[in-house]
Amino acid sequence: MPVDGSIASQWYFKRVADASDARGGPYTWDQMTGFAASGLFTPDDLVWHATLPGWVPARDVAGLFVGAGDALPTAASAAQPQAVPLGVVQQAPVAQPMPSPTRSPRRSRVGLVVGLLAIAVLLVAAIGGGAWWFLGGRDGGLAGDGPDMGEATYKAPDAASVITSKQWGTVPANQIGIVLAEGGKRRDAEKVAKKLNGSLVGEMEFIDLYQIEYPGTTEDDLTKAIATAKANDKVALAFPNEETFEDAEIWGVRQEPYQEPMYEGEAGDGYRAIGVPQAWKFVRGAGLDLETVRVGVIDSGLWAPGEGRESEFGGEVEVDSPDEDGGKASAPSVNDDGSTNPAGTHGTGVMTVIGADPGNGGPAGVAGPLGKKLKITSINRSSPKYATTTSTPDPNDPTKVTLSGGTTWALGDLKAVQTAVANNAKVINCSFGKTNGNPEVAAAYKKFFEKMAQDHPGVLFVCSAGNDHQVVDGSRRYPSGHAFDNMITVGGMNNDGNYSSYSNGKSENYEITLAAPGTKAIVGMGPDGEPVRQNGTSFATPHVTAAAAILLSLNPSLKAADIKRILSETARKGLTIGDPGDPKAHSNLIPDAYGGRVLAVDLAVLQVINDMRAEKGLGKLTPEILEQIAVVDAVAVTGEPGEYAVKGIVKMTGDKGTDLAIDVSAENHAIGGKSSQPVAANTAGEVKWTVTLPKDEGVITVRRTDNDAASIITVEKFDINGSWSGVFTITEFTITDQKAAEEEGCSAAILSALKGKKIPMTMDITVDESGQGSGTGLIDVGSLDPDDDVTSNPTQYGISYSGSTITYEPQSGEGVSSMKATVSRQGENLVQKGTLTGGGKGWRLKAVFTLSKPDTPK
């Protein structure tokens, strides 16, 4: 195949062994040959380009696997495509749709599959409209409360000055940065600028860094300017203002949630892997007073989406910016294929992982439960103050201007970091960087972080390792990788505990401190109300940033070095996959080359809690005790119509005991018993009430007063008669005895292939006033592939409806051990969310389903 300018870009690859159907791309030809040489994909993997007949084995593409020392095809660089960050995973461009990857021949699906899947369900992920946050005024403790770091000014390059150089890539031809030698003064920098017929346009007094602008237009002008600056004995470093990139470079496939809450099933594996749910049980159980903590995010800003998408930052977590128009993005990010980032922006994704509202049905940030105690300072490094942008006025409204471009620069990023520090951020997330940058730029960054560690040890920098799949030269990568007390560098791992193939590795002069989940991370809600999932160390990093914020909220006296030590000491070596008692359970260890440790939020929180108790002379609390203190259970037992016996249950109280309080929201209700009743310290206990709901409808809330843990009982009658529709998803399928399963007719290949797929279904239900009746369900397995000669037969069910629970009894349900759903109202629809478990000789299966139908008015 000839290699010419038409194929210099827009390449994709797919690993044959990757069952997720994730595609990597678009890449340039140079990037593809580099990936091939590094082993990121193999000759057996599949490659796609618009000039090819379809997905083809990589070995069939001439020149892709060149030998060491061979020259790359010169035409591969004949065109000058826009630079694409390595590792971006996107859908194919709309104009050139990719074909489906090559698949093995189909096998006919056995009757067991149809029997198990004869359920009608609908996955309802519609999120109601609502206003997103807006960047309001700062809290009273923002501006000026941070450390005094001296003068800090910066001028973003003008677009007309930007050139594509052979030596430095995209740079402004008329700007350089210099760092003075020890003892240097501003007047020395002014002399350098004068010698260049230029002037000082920026300054970071903290590390004696100055930005010089002069009348240069070519790469030769830039080369001479740097040489002139270096010739001055008062100058320690001189360098161009390099372009920088976000480390969000490998995109995953967008997926539907399996069920509510959003993080159940596979979608929540990453959070469970690092102990996020457990950590919050420990925080609630400890009963400590939380302090306010401010996190800085240096990124592309938060995009406030349009109508139809709820705000993840419209609740208690406050997002602000010290820069006017410098924290919020003016438009969603645009991908190279012309599509928009479904999460809004890279920065939106990062902030979602840190602090998204956990109470609105959408994504939940790792530190989101801090609520009002969490404040996020957003510094938009793509805004005009830091980046080179173009502006487009609205022809219908000249007062409205859309900014685009957003080319970011090394000096602008460093100024943004200092702005966050100056505005009192104690943990700063840096999900950006450059792997093969100018060593002198990297040295300037290094000087900044060294001096911060010395002068301001309370500020922690959490940085992404990068997604270049290489062992990193720490003298060229910035801002990450330093073994300083005030820096944590984060690598990415998959949700199964394996280190991700895209993440960079450590070297003798480059540290990877911790690994965290970066693969298929939930980074926002799309315009259609569905979760957006993306990959990259950019989204592993905010997991660690959020963990540090939680520790600081528990104990604000912690310094950066304390947090790094605690997170490092409590980190796990890897993750155990499967039930500990299962002989097939195994551990996936993070290789030492990639840091060797996995973030463990729960263990870090536990250590801080017990350290603080030790300071007060109190004994240690175990995870079991903290979990018991963190929760309250509630149950309502029905009696005569409208009468309910309600019980609040705690397995353990804290040192001070607690009260259980009941609240009922219902028309003409009555509560028998005191609304708040005590449970003694360090004991288990129960509290009872009688509740009257004349219409058999209402919401009963039982709450612990010591930590605000609550359990909510919803009593509601629905008309479940009628036609339901939706989807059904297998979440787990396990073969425990291959021979026995095959004898029973169970095909592991077929059921494994169906795992995770949304299968359209319908269900017709008829019940009487007592809630007893029947149903007919159908799953359309054949719709997954119209070319597959598969049909599905209806299955009959016995149905029992009581309270909010629907119990299904398949009349031909061999292999189904339990199938139940909870019904609730969502907007104008009734929704069932249910589970199915089944098994037989040699196999086990779990699934979730969601059904929906219009609510029938009574």
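Residues numbered from 1 in each chain as written. Predicted model: local features only at pLDDT ≥ 70, side-chain atom pairs only at ≥ 80, totals over all residues. Heavy atoms only, no water.

A. Layout of the overall build of the protein chain. Check the secondary structure of the protein chain and you find 15 helices and 44 strands. The buried share among the 858 residues of the protein chain stands at 53%. Contacts in the protein chain between residues far apart in sequence, at least 24 positions, make up 72% of those at least 6 positions apart. Working note: accessible area of the protein chain is about 35,800 Å², and carbon and sulfur atoms make up 49% of it. (Helix = DSSP H or I, 4+ residues; strand = E, 2+ residues; numbered from the N terminus. Buried < 20%, exposed > 50% of the residue type's maximum accessible area, 1.4 Å probe, protein only. Contact = heavy atoms within 4.5 Å. Areas by Shrake-Rupley, 256 points an atom, 1.4 Å probe, with all protein chains shown as cover.)

B. Examining the sheet that holds strand E35 (residues 698-704) more closely. In spatial order, the strands read E33-E31-E35-E36; together these 4 strands make up an open sheet with antiparallel pairing. Sheet topology places strand E33 (676-679) and strand E36 (710-715) at the edges, where each strand pairs with a single neighbour. On average, each strand axis in the sheet is tilted by 15° relative to the strand beside it, whichever way the strands run. Note that strand E31 (residues 658-665) and E33 share 4 bridges and pair antiparallel. Bridging across to E33, Thr658 finds its partner in Val679. (Pairing = 2+ DSSP bridges. Axes fitted to C-alpha atoms, helices over the stretch in contact; angles between N-to-C directions.)

C. Main features of the pairing of strand E8 (residues 175-180). Within E8, 6 of the 6 residues are buried, which leaves the element mostly enclosed by the surrounding structure. In this sheet, strand E10 (residues 209-213) lies alongside E8 in antiparallel orientation, the contact comprising 5 bridges. Along E10, the bridge assignment pairs Val179 with Leu209. Alignment of E8 against strand E11 (residues 235-240), held across 5 bridges, turns out to be antiparallel. The residue of E11 that forms the bridge with Val179 is Leu237.

D. Region of interest: unusual backbone geometry. The peptide bond linking Tyr478 to Pro479 adopts the cis configuration, its omega dihedral lying at 5°. Tracing the backbone shows Pro479 in the loop between strand E22 (460-464) and strand E23 (487-493). Although it is not a glycine, Asp208 adopts a positive phi angle of roughly 55°. Relative to the helices and strands, Asp208 resides in the loop between strand E9 (199-204) and E10. Phi angles above zero are rare outside glycine, and Asp708 is one such case at about 70°. In this fold, Asp708 is placed in the loop between E35 and E36. By relative accessible area, which is 51% here, Asp708 ends up exposed.

E. Main features of helix H10 (residues 537-554). With 18 residues, H10 extends 26 Å from end C-alpha to end C-alpha; this agrees with the ideal 26 Å at 1.5 Å per step. Burial of H10 is extensive: 18 of the 18 residues sit out of reach of the surface. (Expected span 1.5 Å × (residues − 1).)

F. Region of the structure containing the confidence of the model for the protein chain. Taken over all residues, the pLDDT of the protein chain has a mean of 76, while the share at 70 or more is 75%. Scored below 50 in pLDDT, residues 67-144 shows 237 contacts in the model against residues more than four places distant or in partner chains. For the stretch residues 247-261, pLDDT sits under 50, and the model shows 84 contacts to residues farther than four places along the chain or on other chains. (pLDDT = per-residue confidence, 0-100.)

G. Seen up close, the sheet that holds E9. Read across the sheet, 5 strands follow the order E5-E9-E10-E8-E11 without closing on themselves; strand pairing throughout is antiparallel. The sheet is open, and its two edges are formed by strand E5 (152-153) and E11, each paired on a single side. Sheet strands in contact with helix H4 (residues 219-230) are E8 and E11, and its direction is about 170° off that of E11. Lying on the sheet, helix H9 (residues 439-455) is in contact with E8, E10 and E11; it crosses E11 at an angle near 120°.

H. Geometry of H9. For H9, which comprises 17 residues, the first-to-last C-alpha distance of 24 Å matches the rise-based estimate of 24 Å (1.5 Å per residue) to within 8%. Among all positions of H9, only Glu440, Val441, Ala442, Ala444, Tyr445, Lys447, Phe448, Phe449 and Met452 are buried. Where H9 begins, one side-chain oxygen reaches toward the backbone nitrogen of Glu440, 2.8 Å away; that side chain belongs to Asn438. (Polar contact = N/O pair within 3.5 Å; in protein donor to acceptor, adjacent residues only side chain to side chain.)

I. Structural view of the packing of H10 against helix H11 (residues 560-570). Here H10 crosses H11 at 115°, and the two axes come no closer than 11 Å. It follows from the interaxial angle that H10 and H11 lie roughly perpendicular. Where H10 crosses over H11, the handedness of that crossing is right-handed. Taking contact as the criterion, the partners of Val544, Ala547, Ala548, Leu551 and Leu552 in H10 are, on H11, Ile563, Ile566 and Leu567. Taken together, the residues that form the contact of H10 with H11 break down as 8 nonpolar, no polar and no charged. (Parallel < 35°, antiparallel > 145°, perpendicular 65-115°, else oblique. Left-handed = near helix turned anticlockwise from the far one by under 90°. Nonpolar A, V, L, I, M, F, W, Y, C, P; charged D, E, K, R; others polar.)

J. The arrangement of the pattern of salt bridges in detail. According to the stated counting rule, one finds 18 salt bridges in the structure shown. Salt-bridge contacts for Asp562 lead to Arg565; the nearest nitrogen and oxygen are separated by 3.9 Å. Placement of both Asp562 and Arg565 in helix H11 is noted, with a separation of 3 residues, approximately one turn of the helix. Residue Asp562 is classed as partly exposed on the basis of its relative accessible area of 24%. Residue class for Arg565 comes out partly exposed when judged on its relative accessible area of 36%. Put simply, Asp706 and Arg704 hold a salt bridge, and the shortest N to O gap is 2.8 Å. (Salt bridge = Lys/Arg side-chain N within 4 Å of Asp/Glu carboxyl O.)

K. Just the nonpolar core, in detail. Core analysis: the largest hydrophobic core is formed by 71 residues, its most contacted members being Ile550, Leu567 and Val605. By residue number, the principal contributor to this core is H10, which donates 11 residues. Contact partners of Leu567, with chain neighbours within four places excluded, come to Ile488, Leu514, Val544, Ala547, Leu551, Leu599 and Ala604. Counting 38 residues, the second largest nonpolar core, distinct from the first, contains Tyr154, Tyr386, Val421 and Val441. (Core = buried A, V, L, I, M, F, W, Y, C linked by side-chain atoms within 4.5 Å.)

L. Structural context of the state of the cysteines. As enumerated under the stated definition, the model contains 0 disulfides in all. Cys463 provides the cysteine sulfur closest to Cys430, a residue in no disulfide bond, and the two sulfurs are 4.4 Å apart. Classification of Cys430 by relative accessible area gives buried; the value is 0%. (Disulfide = S-S within 2.5 Å.)

M. Examining the pairing of E36 more closely. Burial of E36 is one-sided: the residues Ser711, Ile713 and Val715 facing one way are buried, the residues Ala710, Ile712 and Thr714 facing the other way are not. Alignment of E35 against E36, held across 6 bridges, turns out to be antiparallel. From the neighbouring strand, Ile700 faces E36, where its bridge partner is Ile713. Two successive antiparallel strands, E35 and E36, enclose a turn made up of 5 residues, where Asp708 displays a positive phi of approximately 70°.

N. Molecular detail of a positive patch on the surface. On the surface, Lys185, Arg187, Lys191 and Lys234 cluster together into a positively charged patch. One can find Lys234 in the loop between H4 and E11. (Patch = residues over 30% accessible without salt bridge, like charges linked within 9 Å, V, L, I, M, F, W, Y side chains within 5 Å. Lys, Arg positive; Asp, Glu negative; His and termini not counted. Charge placed at Lys NZ, Arg CZ, Asp CG, Glu CD.)

O. Up close: the packing of aromatic side chains. Counted according to the given criterion, the structure contains 7 aromatic pairs. Through a chain of ring-to-ring contacts, three or more aromatic side chains come together here, namely Phe206, Phe448, Phe449 and Phe461. Lying over the aromatic face of Phe206, Lys451 brings its terminal NZ or CZ to 4.4 Å of the ring centre. (Phe/Tyr/Trp six-rings, centres within 6.5 Å; stacked < 30°, edge-to-face > 60°. Lys NZ or Arg CZ within 6 Å of the ring centre and 35° of its normal.)

P. Representation of the packing of H11 against helix H12 (residues 601-615) in the model. Taken N-terminus to C-terminus, the directions of H11 and H12 make an angle of 125°; their axes are 8 Å apart at the nearest point. For the element pair H11 / H12, the angle class is oblique. Between H11 and H12 the crossing geometry is right-handed. Residue-level contacts link Arg565, Ile566, Leu567, Glu569 and Thr570 of H11 to Leu603, Ala604, Gln607 and Val608 of H12. Here the contact of H11 with H12 is built from residues that sort into 5 nonpolar, 2 polar and 2 charged.

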